[in-house]
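Structural features, examined
Below, each chain spelled out in residue letters.
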Amino acid sequence: MIRHRSRRAATAAVLAIAAAAAVAATTASVVPVAAAASAGAIVIDSVTSPPTEPGLLSVQAEAQSPITSLTVHIHLGSTSEITIPSGELTLTSGSAQDGTWTVQTPITQDELSLGTYQVTVDATNSGGDNLTGLSAPNPWFFGLYPAVTIAASTTTLSYSQQSVTFTGQVMADSPAGSPEGVANEPVTITDSDGGSWSTTTDGTGNYSVPATPNLVSATGLAGSFSASVSGNPAIAEASSPKVELTGDVDPVQVRVALSKSKADFGTKVTLSGTAQYQSDGVWLPFASSTINVTGIDHYSGRSVPPIAAATDGTGSFTVVLPAQPTTTWTANPAPSQYLTGNVSQFGLPNSATLTVVLPTRTTRLHVAYNPVGRITASGCLSLGAAVASFPSLSPPEDADLYLQYSRTSRGPWRTLGTLAGSGAPKCSGGTGFSGTAGSPALSGHYRVDFTGQLLYQRSVSAAGYAATARTRIINFSIKPRAVTGHGRIQVSGRLQQKAGAWKSLGSVLVKIFVKPAGGTNWYWYRKVHLSRSGKFSISFADPVSGHWAAGFAGNASHLQTTSRILYVAASGTAANLRRGLTTHSLSARATRALLAAG
């Protein structure tokens, strides 16, 4: 008996009918099952093949009378591929009325391409029924049922051995029943954590694929891996048994040192160290690896962006630290599932604190003489511009500030005294300071020297120039010096300044002072505006007996001065002048100045 091939293209394509059909085919069996009662004269119950010999097609059929003839047609879509005449089928189980007929010789791949097909049957029975084109209720799977294996080059991974190579084979029985390797078949390796790796079998069905898996799981470092092939119309889906991998966790040791433990801001400082890990009781270097150097700013508590340091073959590394205020630097290898945590198990040896001395500057310096000839200075001590972008930094609050004098702007400089931090509200972002000191001259250059502190660099302000002039009151007179009743006195004089020679100082105020007879306190009685030539003249009625004088209070560019003291004798004076005197009592300092002048 000869199977007949239909006319078609020489290289027939295997078209996918449905993946579900292929799966359904894998569950079929040549063992006959009990046939359901049928209303038809002849019924085809199923078409199957055993997984170990897919070319051995079997048709299960039942009829109302014994079946006498079966012809099987195998179709791909609308194309008839093979016709198997009744003479090539043998009743292999059951009876002629309800049984299974199987081809005597398995169908081969020379006759039919692997794939999933539809089957129709022409059948006759002894009752005279002759039916054609009876469709099988299920597709027929003429494909491979593969067996997949998997093996690992190692089942224990560690920091030294983080990769594994999976190997295996995809084997399947051919339609004729002989085992063969499945060539050019895609294989997927999957693990229990969702990772996957893909490869393809070679011409003999073998595969090999390297992988670097993630073994982290709830139970520690462990994972289950299997290999699988996906089903298609020509091959059934299959998976290998699982292979288990575990991982060792190694301890870490990192030690670091600074080239300087304390440095001015911006100074080049290096952090160097060595990194090791322990494997099987032996300390090994982190050779040609990356060490992450991170920092915590002591002022703001913020993290500093990490710096990557490359190790050499001995695990040694060196990195230049960025310009940064005082920071604790910590070095660790990159996180790994095979290392103990993210930090050195020895803690402190992998950390070092670099104390940074911050730059300072003195701005808004103002120097001037006061009326008694002492120099006054004020200004603002703040941090240098180099650290302006760093948060939470503050200048020294109790600053070591010294006022210095020089005859020229170039020095040499002589220290006059200290200045006190006053927290002036106009000194935003800095420490305000002010103070006075005795000056060796009435003109000169002045600067402020901040001598520095533990965390602050020394800085010197720009020099400021200040000058003042001596003053005097000349031609001071009172006429008359003795009065009675409602008599008047005329007080006059002239104010001068020392500007090379003595010259008039006008357009300012002087005050007339009185110390009544028998008293100890001086009083100022009247303010007098000077002319442009520095002269003043004023008359008083009803003067009191006592000492009289004129005084100039001084200003930023002129020293204070008082006239000579003259005595006026008065009798029968009115009380209004005395009442005025009580409201203008001089300060003790002004009184001393007048006494000194007298």
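Relevant structure appears above.
For every chain, the first residue of the written sequence is number 1, and numbering continues from 1 onward in sequence order. Reporting in this predicted model follows two pLDDT cut-offs: at least 70 for local features of residues, and 80 or more for side-chain atom pairs to be given and counted; totals over whole chains, interfaces and linings ignore these cut-offs and use all residues. Derived side-chain values reflect all non-hydrogen atoms in the structure, with water molecules and hydrogen atoms excluded from consideration.

**So, the overall build of the protein chain**
For clarity, the cut-off: Numbering of helices and strands runs from the N terminus, with a helix taken as a DSSP run of H or I at least four residues long and a strand as a DSSP run of E at least two residues long. Classification of residues uses two cut-offs on accessible area relative to the type maximum, computed with a 1.4 Å probe and protein chains only: under 20% is buried, over 50% is exposed, and between them is partly exposed. Contact between two residues is taken to exist if any of their heavy atoms lie within 4.5 Å; hydrogens are not considered. Note that accessible areas follow from Shrake-Rupley with a 1.4 Å probe, and for residues the cover is restricted to the protein chains shown.
Across its full length, the protein chain carries three helices and 49 strands. Burial analysis of the protein chain (598 residues in total) assigns 44% to the buried set. In the protein chain, 64% of the contacts between residues at least 6 apart in sequence involve partners at least 24 apart. For the protein chain, the accessible surface area stands at approximately 28200 Å², while carbon and sulfur atoms represent 52% of it.

**Some remarks on the packing of aromatic side chains**
Formally: Working definition: rings of Phe, Tyr and Trp (its six-membered ring) pair if their centres are within 6.5 Å, and the pair is stacked with planes under 30 degrees apart, edge-to-face with planes over 60 apart, and tilted otherwise. Whether a charge lies above a ring is judged from NZ of Lys or CZ of Arg, which has to be within 6 Å of the ring centre and within 35 degrees of the ring normal.
A full pass over the atoms with the stated rule returns 13 aromatic pairs. With centroids separated by 5.7 Å and ring planes inclined at 40°, the aromatic side chains of Phe-540 and Trp-548 adopt a geometry described as tilted. Here a set of aromatic residues connected by ring pairs shows up, and it is made of Tyr-117, Trp-140 and Phe-142. One Lys or Arg, Lys-511, reaches over the ring of Trp-524 and ends 4.5 Å from the middle of that ring.

**Observations regarding the sheet that holds strand β27 (residues 290-297)**
Which entries qualify depends on this criterion: At least two bridges found by DSSP between two strands are what make those strands a pair. For helices, the axis comes from a line fit to the C-alpha atoms of the stretch in contact; other axes are also lines fit to C-alpha atoms, and the angle between any two N-to-C directions lies between 0 and 180 degrees.
Ordered in space as β24-β31-β30-β27-β28, the five strands form an open sheet in which the pairing is mixed. Every other strand in the sheet has two partners, leaving β24 (262-264) and β28 (303-310) as the edge strands with one partner each. Across the sheet, the mean angle separating the axes of adjacent strands is 30° when strand polarity is ignored. In this sheet, strand β30 (residues 327-333) lies alongside β27 in antiparallel orientation, the contact comprising seven bridges. Bridge assignment links Ile-296 to a residue of β30, and that residue is Thr-328.

**Some words on the environment of Thr-246**
Summarising the element assignment, Thr-246 is placed in strand β22 (residues 243-247). Once the C-alpha coordinates of Thr-246 and Thr-156 are considered, the two residues, 90 residues apart in sequence, prove to be 5.0 Å apart. Residues contacting Thr-246, with those up to four places away along its chain left out, are Thr-155, Thr-156, Leu-157, Leu-215, Leu-221 and Ala-222.

**A closer look at the pairing of β28**
Relative to β28, β27 is paired through six bridges, and the arrangement is antiparallel. Across the sheet, residue Val-293 finds its bridge partner in β28, namely Ile-307. Linking β27 to β28, which pair antiparallel, is a turn of five residues; within it Gly-301 sits at a positive phi near 75°.

**A word on the pairing of strand β5 (residues 79-84)**
Note that strand β4 (residues 67-76) and β5 share five bridges and pair antiparallel. Within β5, the position partnered with Ile-74 by the bridge is Ile-82. Hairpin geometry of β4 and β5 is characterised by an intervening segment of two residues between the two adjacent antiparallel strands and by a positive phi of about 65° at Gly-77.

**Some thoughts on the nonpolar core**
It is characteristic of soluble globular proteins that their nonpolar side chains tend to be buried jointly. Selection rule: The set of buried Ala, Val, Leu, Ile, Met, Phe, Trp, Tyr and Cys residues whose side-chain atoms join them within 4.5 Å is what this entry labels a nonpolar core.
One finds Ile-74, Trp-140 and Phe-166 to be the most contacted residues of the largest nonpolar core, which totals 104 residues. Here this core takes five residues from β4, the largest share from any one element. Not counting residues up to four positions away in its chain, the partners in contact with Trp-140 are Val-47, Thr-48, Ser-49, Pro-54, Leu-57, Ile-74, Ile-107, Leu-112, Gly-115, Thr-116, Tyr-117 and Val-119. Val-514, Leu-530, Ile-538 and Ala-570 belong to the second largest nonpolar core, which has 25 residues in total.

**Looking at the pattern of salt bridges**
The following threshold applies: Criterion for a salt bridge: a side-chain nitrogen of Lys or Arg within 4 Å of a carboxyl oxygen of Asp or Glu.
As enumerated under the stated definition, the model contains one salt bridge in all. When the shortest N-O distance is used, the salt bridge between Asp-449 and Arg-458 registers 3.1 Å.

**Here's the deal with the sheet that holds strand β6 (residues 89-94)**
Strand order across the open sheet formed by four strands is β2-β3-β7-β6, with antiparallel pairing between neighbours. Across the chains shown, the open sheet's two edge strands, defined by having one partner strand only, are β2 (42-48) and β6. For this sheet, the mean inter-axis angle between neighbouring strands, taken without regard to orientation, is 30°. Summarising the sheet, strand β3 (residues 58-63) and strand β7 (residues 98-103) pair through five bridges and their orientation is antiparallel.

**A few points about the state of the cysteines**
As used here, a disulfide is simply a covalent bond connecting the sulfur atoms of two cysteines. The condition that has to hold: When the sulfur atoms of two cysteines come within 2.5 Å, that pair is taken as a disulfide.
What the rule picks out here adds up to one disulfide. The side chain of Cys-380 participates in a disulfide bridge whose partner is Cys-427; the two sulfur atoms lie 1.9 Å from each other. Disulfide Cys-380-Cys-427: the torsion about the S-S bond is 80°, which places it as right-handed. A residue pair is termed long-range when its members are at least 10 positions apart, and Cys-380 in strand β33 (residues 374-383) and Cys-427 in the loop between β35 (414-421) and β36 (431-438) qualify at 47 residues. The exposure class assigned to Cys-380 is buried, which follows from its relative accessible area of 3%.

**Digging into unusual backbone geometry**
A cis amide bond, omega 5°, links Gly-411 with the succeeding residue Pro-412. Pro-480 follows Lys-479 through a cis peptide bond whose omega is -15°. Mapped onto the fold, Pro-480 is located in the loop between β40 (471-479) and β41 (482-484). In this structure, Arg-364 takes a positive phi of about 55° despite not being glycine. Structurally, Arg-364 can be placed in strand β32 (residues 360-369). We classify Arg-364 as exposed; its relative accessible area is 54%. In this structure, Ser-507 takes a positive phi of about 60° despite not being glycine.

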